[in-house]
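For reference, the chains in residue letters:
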Amino acid sequence: MSDSASIVVDHVVKRFKLSNQKTIKRLSVNAAKGRELSRAFTALDDITFTLNQGDTLGLMGLNGSGKSTLLKLISGVMRPDEGKVLARGRIAGLIEVGAGFHPDLSGRENIYLNGAILGMTKPQIDRKLESIVAFSEMEQFLGNSVRHYSSGMFMRLAFSVAVHTECDIFLIDEVLAVGDQPFKKKCMARIQDLKAEGRTMVFVSHSAKQVVALCERGIVLQKGRMTFDGTARDAVKALGYELDDDDDADEVAAGE
Amino acid sequence: MTTAMAPARETDNPLGPLRVPGASGGLIEVFRRRYLLKLLVRKELRVRYQGSVIGLGWSYVQPLVRFAMYYYIIGLIMTHRTPGRALLIFSGLIMVQFASNCLGQGSKAILKNKSLVRKINLPREMFPVSNVAVSLYHMLPMYVILLIGVLINGWHPDGRAVLAIFLGLAIAIVWGLATALVLSATNVFFRDTQNVADVINVVLRWVVPMIYPFGLIMHHAQGHAFLYQVYLLNPLTSAVLLADRAFWIPSMANPAKLAAANMPSHLFERSFLMLLAGLVALGLAQLLFSRLEGRFAEQL
């Protein structure tokens, strides 16, 4: 393994057991009747790649191809059944932003809570509060409880916290579809900044344009297998996506 | 990124070595990220009493109602005359309430936070621990009431009583943490766990010397030596006995006689062993939790 490796994914296999036995009763009833207790399903099959520091990878594939699972393995939320995943430095990203938000807390309180959940310390959040708030453009609502936010406002705030976490590896999971165009542009610009600062990035998206705009390398997953590994542009072709097909991202990609 | 051409060593990289992401230091990691713990506890307290008129006052109401039931209703049935029965009940009630919260809330700790557990990598021990911390916080008002009660009754604590306060608290916390860790993790796989916890909760308050003094158990112990020992093996019994020793006994007229009649032999030796056993249990609970944690995200 080279000294500059940032993420190493080595012959990773991830299987899910699909079972509904959440109580002992159902488990024993099904066992007694000789029904199969669970069905195994291979979400990722023998995935291997290495990213060096500063590399940007676009993960592409149809729904259910295993992209998000792979991202969860890299972030450490899940662990592989076989093989290993290694990463260097702090990992953060735009995955399920807002998961730690609580509707009964105010915007400001949520910034602190979410920042802490994402691994920031109090002094770090204090230092960044101003730029988080400025990024979200929601100064006047900070004292209100998040319950009264519109879903767009909610996402803005969540995003603003997430893009301000200090990290070495930045993971992005199909989240750029939210928010209005100007805010999307702003997010994309911010992500470009993070990239320019030399962070390793893994970007999961269906938007061919965004992937090409942001990533050098592209990997295509199909039903849990890696079917292509090359440049992002070729990955888009390999998947059969058209670069000008997605209506969603053109302005955003142009905003870089 | 480094210019050195020598065989790469992991330590050469300023970002440190390659690591397994999500490998957590468990409870140690929770301690390291205590700012998050603090915010989670504060959130829990805020949210629990959100929109209620008397707010945190509710944490007084429930124990006081329970206390009244135990004191008046059970008092009608009890033939055994116990001096300072109100203080006896209240000393034990603090520990029982704490244990009951650790069982009930603790078992649901991971499930209640599943959106976070499934998506964000953070030490999952954070959730059971914050639950225990919330339960601890709820002990405070009860201690205030108890302290007023014992002071009115002329509390004169000796050194051992002071030791008993902290030893009892330590036993409760250590065993409470172990319980919350085990139950919250098992509950992810078997939802029966929280029902089991509720059942234990119902039984628990009757098998510790809270409503009745320990003297009653000593009195019935003849011929049931085994059951007697089993009774004493309950960590909550330990905590309640120590609370009795700390508050109830030193508030009464003849503490030495009362202690002889209502405390087991070698109370402190037993209690230290219970604390030690609790630390071992906590270690085992952490091991179990770490083993199960890897599958939380896919099970939820």
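Residues numbered from 1 in each chain as written. Chains lettered and ligands numbered in written order. Predicted model: local features only at pLDDT ≥ 70, side-chain atom pairs only at ≥ 80, totals over all residues.

On to the overall build of chain B. Along its length, chain B carries 15 helices and zero strands. If you line up chain B on its principal axes, its C-alpha atoms span 85 × 45 × 35 Å. Expressed as a percentage of the 300 residues in chain B, the buried residues total 42%. (Helix = DSSP H or I, 4+ residues; strand = E, 2+ residues; numbered from the N terminus. Buried ≥ 20, exposed ≤ 12 C-beta atoms within 10 Å, placed from the backbone.)

Right, let's talk about the overall build of chain A for a bit. When helices and strands are tallied, chain A shows nine helices and nine strands. Within the span of chain A, comprising 256 residues, buried residues form 47% of the whole. Expressed as a percentage of contacts within chain A between residues at least 6 apart in sequence, the contacts between residues at least 24 apart total 74%. (Contact = placed C-beta atoms within 7 Å.)

This brings us to the interface of chain B and chain A. Taken together, the 33 residues of chain B in the interface contact 39 residues of chain A. Looking at the side of chain B that touches chain A, the elements that each hand over two or more residues are α2 (34-48), α6 (114-119) and α15 (296-299) of chain B. Here the side of chain B that touches chain A takes six residues from α2(B), the largest share from any one element. Per-class residue counts for the side of chain B that touches chain A are 16 nonpolar, eight polar and nine charged. (Nonpolar A, V, L, I, M, F, W, Y, C, P; charged D, E, K, R; others polar.)

Take the environment of A:G198 next. Residue and element names in this part refer to chain A. Relative to the assigned elements, G198 resides in the loop between α6 (181-196) and β7 (200-204). Assessed through the 11 C-beta atoms surrounding it within 10 Å, G198 is described here as exposed. Distance in space between the C-alpha atoms of G198 and G66 is 26 Å, their sequence separation being 132 residues.

Moving on to the nonpolar core. Of all hydrophobic cores here, the largest spans 149 residues; its most connected members are A:F203 and B:M95. For this core, the element with the most residues is helix α8 (residues 159-189) of chain B, which contributes 16 residues. Once residues lying within four places of it in the same chain are set aside, the contact partners of B:M95 are B:G168, B:A172, B:L236, B:A239, B:V240 and B:A243. (Core = buried A, V, L, I, M, F, W, Y, C linked by C-beta atoms within 7 Å.)

We now examine the confidence of the model for chain B. Residues and elements named next belong to chain B. Looking at chain B, the pLDDT average stands at 89 and 96% of residues meet or exceed 70. Counting contacts from residues 1-8, a segment whose pLDDT is below 50, to residues more than four positions away or on other chains yields eight contacts. Scored by ipTM, the complex comes to 0.82, with pTM at 0.87. (pLDDT = per-residue confidence, 0-100.)

Turning next to the sheet that holds strand β1 (residues 5-18) of chain A. Residues and elements named next belong to chain A. Strand order in the open sheet made by the three strands is β2-β1-β4, with antiparallel pairing throughout. At either margin of the open sheet sits one strand with a lone partner, and together these are β2 (39-52) and β4 (82-87). Adjacent strand axes in the sheet meet at a mean angle of 25° when their direction is disregarded. Sheet topology places β1 next to β4; five bridges connect them, and they run antiparallel. Its bridge partner being in β4, V8 is matched across the sheet by L86. (Pairing = 2+ DSSP bridges. Axes fitted to C-alpha atoms, helices over the stretch in contact; angles between N-to-C directions.)

Now for the packing of helix α4 (residues 85-107) of chain B against α8(B). Residues and elements named next belong to chain B. One can describe the packing of α4 onto α8 by two numbers: an axis separation of 7 Å at closest approach and a directional angle of 20°. One finds that α4 runs roughly parallel with respect to α8. Classified by chirality, the crossing of α8 by α4 is right-handed. Contact residues: M95, F98, A99, C102, L103, G106 and S107 in α4; G168, A172, G176, T179, A180, L183, S184 and N187 in α8. Taken together, the residues that form the contact of α4 with α8 break down as eight nonpolar, seven polar and no charged. (Parallel < 35°, antiparallel > 145°, perpendicular 65-115°, else oblique. Left-handed = near helix turned anticlockwise from the far one by under 90°.)

What follows deals with the sheet that holds strand β3 (residues 56-61) of chain A. Residues and elements named next belong to chain A. Ordered by their spatial adjacency, six strands build an open sheet running β5-β6-β7-β3-β8-β9, and the pairing between neighbours is mixed. Each of the sheet's edge strands pairs with one partner strand only, and the pair in question is β5 (91-94) and β9 (225-231). Sheet twist, expressed as the mean angle between neighbouring strand axes with direction ignored, is 20°. Pairing geometry for strand β6 (residues 169-173) and β7, over five bridges, is parallel. The residue bridging I172 from the neighbouring strand is F203, located in β7. Along the sheet, helix α8 (residues 232-239) makes contact with β3, β8 (217-222) and β9, crossing β8 at roughly 25°.

Next up on the list: the environment of B:R46. Take B:R46: it is sitting in helix α2. On the neighbour-count criterion, B:R46 (14 C-beta atoms within 10 Å) is partly exposed. Sequence separation between B:R46 and B:L111 is 65 residues; the distance between their C-alpha atoms is 19 Å. Residues contacting B:R46, with those up to four places away along its chain left out, are A:D104 and A:L105.

Of all five residues in β6(A), five are buried; the element is thus mostly enclosed. Residues A:I169, A:L171 and A:D173 point to one face of β6(A) and A:F170 and A:I172 to the other, with burial holding for every one of them.

For the rest of this paragraph, the subject is unusual backbone geometry. All names here are of chain A. One non-glycine residue, E137, lies in the positive phi region at around 55°. As for its placement among the helices and strands, E137 is situated in the loop between α4 (122-136) and α5 (151-162). Since 15 C-beta atoms lie within 10 Å of it, E137 is described here as partly exposed. Phi angles above zero are rare outside glycine, and K223 is one such case at about 45°. Turning to its location among the elements, K223 is positioned in the loop between β8 and β9.

All names here are of chain B. Within the secondary structure, W175 is located in helix α8. The sequence separation of W175 and N201 amounts to 26 residues, and the corresponding C-alpha distance is 15 Å. Other than its neighbours up to four places away in sequence, W175 contacts P235, G278 and A281.

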